[in-house]
2 protein chains.
Amino acid sequence: MDQQQISAYLLKNGVRPLQKRVKIMSYLVSKRNHPTVDMIYSDLIHEINGLSKTTIYNVLNLFVQSGVALALNIEGNEIRYDADTSTHGHFKCKVCTGVIDFRIKKEDLPNPMLEGFRIDEQHFYLKGVCSFCANKIEA
Amino acid sequence: MDQQQISAYLLKNGVRPLQKRVKIMSYLVSKRNHPTVDMIYSDLIHEINGLSKTTIYNVLNLFVQSGVALALNIEGNEIRYDADTSTHGHFKCKVCTGVIDFRIKKEDLPNPMLEGFRIDEQHFYLKGVCSFCANKIEA
DNA sequence: TAATGTTTTTATAATGATTACAAAAATATG
DNA sequence: CATATTTTTGTAATCATTATAAAAACATTA
Ligand SMILES: [Mn+2]
Ligand SMILES: [Mn+2]
Ligand SMILES: [Zn+2]
Ligand SMILES: [Zn+2]
């Protein structure tokens with residue numbers, strides 16, 4: 001996705017494609033690393049002159065409200081952001097702290113009996129040790 | 001579960017059953033309300049003289065480490081605690097902020113292909129509006 | 001383009017949840 | 001009972017996030 005496509009995507013979802021918004025969405029889409037606000041800040045501060053951390057908070061909150069990003073709550077002390085809003089699961093490694101995706105089909109998620117409830121979001125995530133870190137420990 | 005049973009349960013899991021620990025575990029087990037630290041504090045401060053919020057943090061962290069409680073990360077700004085460590089899902093209502101359980105069988109959870117990964121925890125939660133609040137809004 | 005009004009960004013301060021720390025209290029051991 | 005160890009407490013520190021108001025960017029119209 002280039003800047004053009006991202007602008008169009010934001011626009012379609014009711015988000016005015018301003019420069020910093022496009023850069024932040026670009027970052028999310030290309031990196032796919034489920035970053036925290038601090039990770040985005042320390043990576044983009046070099047690229048965007050005079051970027052403020054408050055702006056990142058503002059923009060991400062707008063993204064989540066507009067449905068173009070997800071806020072992931074896996075660990076209590078951090079929120080991670082994801083531009084992939086399709087149905088998928090997450091694994092967080094306790095050792096390297098990385099968060100990775102795994103595909104799941106919507107129809108493979110449990111379908112609990114919740115009569116009269118309106119369900120807006122479904123989240124499935126795992127915690128443990130990734131294969132890379134498990135190998136290192138073993139060695 | 002009375003105090004006796006809770007003491008035995010804690011002991012079996014390597015947690016010395018001191019008075020405040022037993023009271024806090026009693027609260028979790030009987031209320032089943034997935035409380036935050038603040039909820040526990042404001043409820044128990046009447047019952048336990050001179051209780052400190054720091055103690056609740058200490059005890060809950062110990063409970064989670066020892067495997068007798070779960071820390072639920074559903075909303076980014078709060079951790080909720082659960083004495084039910086069996087496989088089950090959670091629903092959080094955006095309106096009344098309550099968190100309720102629903103049963104799921106372990107074998108009904110998706111089983112992603114994660115070769116070489118060690119999986120310690122599985123979490124499945126939903127967000128939306130509960131039937132009680134949905135009815136109120138409709139009326 | 002210039003003038004004007006609106007939106008966005010910034011810097012700073014405020015808030016709120018959690019942790020660090022050291023002293024006091026409780027508990028266990030001999 | 002005396003002593004050592006563990007737990008709890010109160011306070012201060014930390015860290016992520018939000019509030020606020022001024023500055024900058026942007027859009028609109030003349
Ligand atoms: Mn993802
Ligand atoms: Mn539960
Ligand atoms: Zn890892
Ligand atoms: Zn509700």
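In what follows, the structure referred to is the one given above.
Residues numbered from 1 in each chain as written. Chains lettered and ligands numbered in written order. Predicted model: local features only at pLDDT ≥ 70, side-chain atom pairs only at ≥ 80, totals over all residues. Heavy atoms only, no water.

Peer 1: Explain the interface of chain A and chain B to me, and be specific about the residues and the numbers.
Peer 2: Every contact between the two is made by 33 residues of chain A and, on the other side, 33 residues of chain B. Summed over both sides, the interface between chain A and chain B buries roughly 3,000 Å², with carbon and sulfur atoms accounting for 62% of that surface. One salt bridge in this structure joins Lys94 of chain A and Asp120 of chain B, with 2.8 Å as the shortest N-O distance. Counting across the interface, chain A meets chain B through 10 residue pairs in polar contact (both at pLDDT 80 or more). Among the secondary structure elements, those contributing two or more residues to the side of chain A that touches chain B are strand S4 (99–103), strand S5 (118–129) and helix H5 (131–138) of chain A. By residue number, the principal contributor to the side of chain A that touches chain B is S5 of chain A, which donates 12 residues. Of the residues assigned to the side of chain A that touches chain B, the class counts are 18 nonpolar, 7 polar and 8 charged. Where S5 of chain A meets strand S5 (residues 118–129) of chain B, 11 bridges bridge the pair, whose relative direction is antiparallel. For His123 of chain A, the partnering residue across the bridge sits in S5 of chain B and is Tyr125 of chain B. (Contact = heavy atoms within 4.5 Å. Buried area = accessible area lost by both parts, 1.4 Å probe. Salt bridge = Lys/Arg side-chain N within 4 Å of Asp/Glu carboxyl O. Polar contact = N/O pair within 3.5 Å; in protein donor to acceptor, adjacent residues only side chain to side chain. Helix = DSSP H or I, 4+ residues; strand = E, 2+ residues; numbered from the N terminus. Nonpolar A, V, L, I, M, F, W, Y, C, P; charged D, E, K, R; others polar. Pairing = 2+ DSSP bridges.)

Peer 1: Describe the relation of the copies chain A and chain B, naming the residues involved and giving the relevant values.
Peer 2: Between the two copies of the chain lies a relationship made up of a rotation around an axis and a movement along it. Relative to chain B, chain A is turned by 180° and slid 0.0 Å along the rotation axis, the superposed coordinates differing by an RMSD of 0.0 Å. The superposition of one copy onto the other is thereby described by a two-fold rotation axis. The position closest to the rotation axis in chain A is occupied by the C-alpha of Phe124 of chain A, lying 2.2 Å away. Interface overlap between copies is the fraction of interface residues in one copy that are interface residues in the other; for chain A against chain B it reaches 100%, indicating a shared surface. (Least-squares fit on C-alpha atoms with pLDDT ≥ 70 in both.)

Peer 1: An account of the environment of Cys133 of chain B is needed here, citing residue identities and associated values.
Peer 2: Residue and element names in this part refer to chain B. Following the sequence through the fold, Cys133 ends up in helix H5 (residues 131–138). Sequence spacing of Cys133 and Cys96 is 37 residues, and the spatial spacing of their C-alpha atoms is 7.1 Å. Aside from chain neighbours lying at most four places away, what touches Cys133 is Cys93, Val95 and Cys96.

Peer 1: Kindly report on the sheet that holds S5 of chain B, identifying the contributing residues and their values.
Peer 2: A sheet is described by the order of its strands in space; here 6 strands give the open sequence S4(A)-S3(A)-S5(A)-S5(B)-S3(B)-S4(B), paired in mixed fashion. Of all the strands in the sheet, just S4 of chain A together with strand S4 (99–103) of chain B have a single pairing partner and so form its edges. For this sheet, the mean inter-axis angle between neighbouring strands, taken without regard to orientation, is 30°. Taken together, the 4 bridges between strand S3 (residues 88–93) of chain A and S5 of chain A define a ladder with parallel strand orientation. Directly across from Cys93 of chain A, in S5 of chain A, lies its bridge partner Gly128 of chain A. (Axes fitted to C-alpha atoms, helices over the stretch in contact; angles between N-to-C directions.)

Peer 1: Tell me about the coordination of the zinc ion (ligand 4), and name the residues and values.
Peer 2: All names here are of chain B. Protein coordination of the zinc ion (ligand 4) is provided by Cys93 (SG), Cys96 (SG), Cys130 (SG) and Cys133 (SG), with donor distances spanning 2.3 to 2.4 Å. Between the 4 donor atoms coordinating the zinc ion (ligand 4), the angles at the centre fall across 103 to 117°, so the site counts as tetrahedral. Counting along the primary sequence, the residues that act as donors to the zinc ion (ligand 4) give the motif C-x2-C-x33-C-x2-C. Of this pair, Cys93 sits in strand S3 (residues 88–93) while Cys130 sits in the loop between S5 and H5, and the two are 37 residues apart along the sequence. Take Cys93: its relative accessible area is 1%, and that puts it in the buried class. Classification of Cys130 as buried rests on a relative accessible area of 10%. (Donors = N, O, S within 2.8 Å, 3.2 Å for Na, K, Ca; no water. Tetrahedral: all angles 85-135°; square planar, octahedral: opposite > 155°, others 65-115°. Buried < 20%, exposed > 50% of the residue type's maximum accessible area, 1.4 Å probe, protein only.)

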